[in-house]
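Below are the chains, spelled out letter by letter.
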Amino acid sequence: MSLLRHSLLCPAVSEHQSNLNSSAIPANTFFQTASANQSATKTRRPKLSTKFSGSSLNQRKTKLTMGKGRGYSFVTRAVLATDSAPELAGKFNLDGDIELKVEVSAPVPGSMTQVEIQVTCSSDTLILHWGAIRDKKEKWILPSRHPDGTKVYKNRALRTPFVKLGANSFLKIEIDDPTIKAVEFLILDEAPNKWYKNNGGNFHIKLPLTEEIPNVSIPEDLVQIQAYLRWERKGKQMYTPEQEKEEYEAARFELLEEIARGTSIEDLRAKLTKKSEGNKTEKQSPPEQKSKIPDELVQVQAYVRWEKAGKPSYSADQQLREFEEARKELQAELEKGHTVEDIRKKICKGEIESKVSKQLEKKKYFRVEKIQRKTRDVMQLINKSRAKPEEGNIPIEHEPKTLTAVELFAKAIEERDLGRPLGKKSYKIGDKELLVLVSKLAEKMKVHFATDLNEPVTLHWALSKTNAGEWLAPPPSILPPGSVSQHGATETPFSNISLENPPSQVRYKGSDFYIQFVTESKQVQKAISDIGDGKGTAKGLLDKIATMESEAQKSFMHRFNIAADLIDQAQNAGELGLAGILVWMRFMATRQLIWNKNYNVKPREISRAQDRLTDMLQNTYMTRPQYRELLRMIMSTVGRGGEGDVGQRIRDEILVIQRNNNCKGGMMEEWHQKLHNNTSPDDVVICQALIDYIESDFDIGVYWKTLTENGITKQRLLSYDRAIHSEPNFGRDHKGGLLRDLGHYMRTLKAVHSGADLESAIANCMGYKSEGQGFMVGVHINPIPGLPSGFPELLQFVLEHVEDKNVESLLEGLLEARQELRPLLFKPNARLKDLLFLDIALDSTVRTAVERGYEELNKARPETLIYFITMVVENLALSSDDNEDLIYCLKGWNHAMSMLKNGSNSWALYAKSVLDRTRLALTNTAEWYQQVLQPSAEYLGSLLGVNQWAIDMFTEEIIRAGSAASLSSLLNRLNPILRKTANLGSWQVISSFEVVGYVSVVNELLAVQNKSYEKPTILVAKSVKGEEEIPDGAVAVLTPDMPDVLSHVSVRARNSKVCFATCFDPEILADLEVNQGKLLCLKPTSAGILYNELKESEILDASATKSKEDSSFPSLTLVKKKFGGRYAITSDEFTGEMVGAKSRNIAHMKGKVPSWIGVPTSVAIPFGVFERVLSERANQVVAKKLQNLKRKLEEGDFSVLRKIRETVLELRAPEQLVQELKSTMKSSGMPWPGDEGELRWEQAWTAIKKVWASKWNERAYFSTRKIKLDHDYLSVAVLVQEIINADYAFVIHTTNPSSGDSEEIYAEVVKGLGETLVGAYPGRALSFGCRKNDLTSPQVLGYPSKPIGLFIRKSIIFRSDSNGEDLEGYAGAGLYDSVPMDEEEQVVLDYTSDPLLVDGNFQHSVLSSIARAGSAIEELYGTPQDIEGVVKDGKIYVVQTRPQM
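In this report, we go over the structure that sits alongside the text. Here the structure is a predicted model, which is why all the values come from computation and not from measurement. (Residues numbered from 1 in each chain as written. Predicted model: local features only at pLDDT ≥ 70, side-chain atom pairs only at ≥ 80, totals over all residues. Heavy atoms only, no water.)

## Let's talk about the environment of Tyr1273
Move 1: Within the fold, Tyr1273 resides in the loop between α41 (1258-1266) and β30 (1276-1282).
Move 2: Overall, the relative accessible area of 32% leaves Tyr1273 in the partly exposed class.
Move 3: Residues Tyr1273 and Thr1117, spaced 156 residues apart in sequence, show a C-alpha to C-alpha distance of 8.9 Å.
Move 4: Here Tyr1273 is in contact with Leu1118, Val1119, Lys1120 and Asn1363, once residues within four sequence places are set aside. (Helix = DSSP H or I, 4+ residues; strand = E, 2+ residues; numbered from the N terminus. Buried < 20%, exposed > 50% of the residue type's maximum accessible area, 1.4 Å probe, protein only. Contact = heavy atoms within 4.5 Å.)

Below you can see the structure in the form of structure tokens.
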């Protein structure tokens, strides 16, 4: 708490200027304020705001109202009416037997008036709708602080619920404001919406009058102390500015009451001092005035001292001492012979010597305040509006606009000269246009001019080798016909032509046109060679940006106006169009493009152009909600712009700084010229560097350090059109004045250039008024109407804590502010962009706060880390267009925190799954940025000649600039803690084999799956999805990715005796990568994998051993299957000649497994049917096409695999196939798709063909090729089953595949269909193990992290069943596709509401049933089984089983 604030705050030195009197001293100073009861003939001056909250000196942001209308406060509490001795104020009959009784207690001096209200009524939904009356005014006054449960109703009344006790309802209101004359109210029964009134009007309860207050002036320092004591008494609460004023006047009134009871001023001072001592605060009474120094000047000087001290928080006694020190300093000036008027001027210039030291490390004297966050349903934050990428990343094309005559001319030139121009500029001349186009043909540079002006036009022109000011006469050999040379220049007349025969034309107006084409030529040539066709971008838009860049380089005004002109085209191009604008603006913001070139522009013109651009972005934000994330990112690269002509203040205020501080030459004059020529975001950095330089006691090294850390080098200063050559050199006697004025100037600069600057963003939303001095223009920005109640106080809290080292409270405040602001961001508002800039600033401050808190989190407990993670996830969700996955991650973290607090043994295991899912969400975000932004960055960057490193790092830097990078860092800190707590170790071994091989590091296993390594190779693969093949020659695959233990690649690894493991320790992975090319031995153990380097000779024995093992495997052959004469068969007819093992195993289980295990009804399309269909006359063209493609495949052209699959889909179904399949399905009790219409049969037929076509998918083809199987002998039957719309799907291995333990069942479970388990869907399934001798005790080994579940309507699935899946020693299962007739629906999963995770009994029941089913099926077949099944309404269904490989 900072009492000194009441006497030190001075609008003359605050960030927003107030009116000055003729002496340049503010009239609104504390010690000029008249007392409450001074004569009306005296001038009444307003009081400064008092602030009894926070822990730093804060300035009022709004100008105080002059004259009458002081505010008073009364504190209210809703309590049971139990006090005695009140006086009856009124008794009323409301309705029938419902009575109202009101009693008022008469106050004694210093006590509160109590109003007790009692209603005899059985209802428990009574509400008091009320307000207070003051000074005979009919308008209700609302209490500044509300009782518990009270709500403000439309800013016109308060509504407080009654307390129900028996048959009566009670309420007591306590009022300590003696200016309140009466209380008025109505009563509302909320349930039936019934009002109780007093004969149609309000109930009016007069309050007893207090004793008459004498006309006495109370010393302001005593009012301060009393106000402080009131603030302490009320719990040091945070007040709004209006509440501060009311509290201050209430304190004055209390002291006047004491005077009325006969207490003298001296006794009052002694009493207050004693009270302060009782509060352990040693207060000093202000000494008697020893000089003629006005108190208003003491106030200003004390504020200056406080600023120089680093704005510390002072206790009450420190505040008074500071006030006295300020008085002494001014007294010393008086004793030197200076007049009071001289002292006034010296204070304004900061020339009074002050001996203060900074107290930055002692900034906080009181506990860190915390806000009370509201309880919200996070599901209300879900947003699914992100635009889905267009197929092939092709932007939407619209009808071409009609070309103007000049544009038609340009098009004709481009067509004639065979390609895009080297340079192109367009100038507006009134409502006409001038085009300058540069082309190159046959090694000759040509400059074409065209205009649609009607009057005769002449070009006055010359050449330049260096810059725009150089005029060189062109040689006669290049002069167009009709040209005349004149004094070092040439004049060429225009000629009228038709567009069929375009010549050269030009128009001259104002300053010189300067056409530079050599540099652009190189840029465009580089673009053509490096980029090509701009695939994945809005190419037309980017080409247009590139042609206009030379115009945009002139100034920010030009760039922002061009960007505004292109917004419509960008919108029409969709997501990629706005991505192009973002890339362009980001290149600008990161100084990759020229900011100013040969053009002077006024700052107000820049701010006006910014306003225009941001207004258009604001409109797009409302009309295109699917692009809001991109639009926020664009706005963050563009300053807010100026309202109230704030842009012009940049130009004006630098003159004031120079004048006030006698620094009109040197660096300041060079900066002044630069600012007049073209202001830019660099000016914010320069201003900060000057402030740092002055605060460091004029250390020039600090000046350069600030500049270079923010990307401004000496060369950049010299590169400005108005270069800055000099270093700053200020007089020490101007230190205070410079810091004050530059501090104010920084606000002006940020208001224009820094859209994400928190302080200016808050000021723009809350409103402020700043008067100009002399010739300067003032700024008046109104507050945005309709802001949430308490929002200004929340923002004030944020500002007061924005530099706290302990950032937890700050983060809570920032997020609460964003949550309060969020509803307003989706509603139309003329000031929406100000709200957006505020939200962007709050978002940015979250990131910087988290980064500042890293050190504090180094030794933090898990619950602290998790809490920080929840806040950053919440912040990221608030900034994302498609945040559903993030919201469920947030819910997961909250559930993990609950498990931790409740002492759950599995909290760390569960939190690890949430951590993995959160990482996947971040990966998806990064991939979206990469897909949408990077192609545009590469194409446009090359067109514009941007540094290659800036192009390559573009997307990465975008990600680093947001909360995602902070979240990733926090996850990395928590991960080892969770793994240690959950005893997970650094490895998960999926396939355990000791191997020796050479290390090879690859990005993706998919990229090398078809490769054959000549040497035994240990692959360190950064990405493994789960569906890949293990390449030939690979003996191990080590990855940080987490494929399911039962995924295809995991099964292949075990079958091929390949060591396969996930490594969770980035340091171990980094060490393995360092061993690239070295020979290592890997040894799986119970703790993970050990590895060591070997010599070349040591591999010989291992190789010989492996050769013997390899030779022991029997050779694999396929028996060609023939068409058996049937197109469809029932399960009773499943034999080895007709179908594969998958179908036969299903038939075998029928009637043999326990009755509680369901087995779906099945029919099949047998072997040979595909070949038979292909031989049909109707399919002869398809057969021939397939034959040609297969011939190319045999010749090694693997690209035809996709074409083969597409060709298979062209097959037509024979009528006999249709009829047999229909009959077979119906006789088996299955629904026939054709009964729902022809379209449904076509869907089924397409699914059947996709199953057959999967014989030629890449994975299956290369797998059979690797083991030298004859691919032509591979036959595919189709197993037809009705889909069970599953709640869960599972895969069981009845022998633990990781440990090889035959006494333990291992299973994995996913929500929805099993495709997310066996397919390449990211994340992990729920995994559990169960001992076969205790099937009722499953143990969860890992919780799920898969973000997506697949669900489908009641349908039919067509499963592949090939003869390649029956071979011993070859894992052919899963190579070929199973295709449902209908599309699956992808659903983002919320595990916090999933009973399998949150209901212990349900989880135990389901997992035990799965384990029992696995055991029963293994017992049926007598060998370990690989089983797939689903759970529906708690019942187990098995859809297939095969021997476990």
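There's plenty left to go through after this.
## Re the pairing of strand β29 (residues 1162-1165)
Move 1: Burial along β29 is two-sided: the residues Ser1162 and Ala1164 and Val1163 and Ile1165 are all buried.
Move 2: Alignment of strand β27 (residues 1129-1130) against β29, held across two bridges, turns out to be antiparallel. Paired with Thr1130 across the two strands is Val1163, which belongs to β29.
Move 3: In the sheet, β29 pairs with β30 via four bridges, with the strands oriented antiparallel. The partner of Ile1165 across the bridge, within β30, is Val1278. (Pairing = 2+ DSSP bridges.)

## Concerning the sheet that holds strand β28 (residues 1157-1158)
Move 1: An order of β28-β40-β39-β31-β32-β33-β34 is seen for the seven strands of this open sheet, with the pairing classed as mixed. For this open sheet the edge positions go to β28 and β34 (1339-1342), each flanked by a neighbour on one side alone.
Move 2: Strand direction decides the pairing type here: strand β31 (residues 1288-1293) and strand β32 (residues 1304-1311), joined by six bridges, are antiparallel. Bridge pairing links Tyr1288 to Lys1311 in β32.

## Side note on the packing of aromatic side chains
Move 1: Following the criterion strictly, the structure yields 22 aromatic pairs and no others.
Move 2: Ring geometry for Phe92 against Phe203: centres 5.0 Å apart, planes inclined by 75 degrees, an arrangement best described as edge-to-face. Of this pair, Phe92 sits in strand β1 (residues 87-95) while Phe203 sits in strand β11 (residues 203-206), and the two are 111 residues apart along the sequence.
Move 3: Under the relative-accessibility criterion, Phe203 is labelled buried at 1%.
Move 4: Residues Trp1245 and Trp1252 carry aromatic rings whose centres are separated by 5.8 Å and whose planes lie at 85 degrees to one another, so their mutual orientation is edge-to-face. Each member of the pair, Trp1245 as well as Trp1252, is classed as buried.
Move 5: Aromatic rings pair up to connect Phe1170, Trp1232, Trp1241, Trp1245, Trp1252 and Trp1256 into one cluster.
Move 6: A cation over a ring is seen here: Arg628 above Tyr621, with NZ or CZ 4.7 Å from the ring centre.
Move 7: Just above the ring of Tyr1437 sits the side chain of Lys1435; from NZ or CZ to the centre is 5.7 Å. (Phe/Tyr/Trp six-rings, centres within 6.5 Å; stacked < 30°, edge-to-face > 60°. Lys NZ or Arg CZ within 6 Å of the ring centre and 35° of its normal.)

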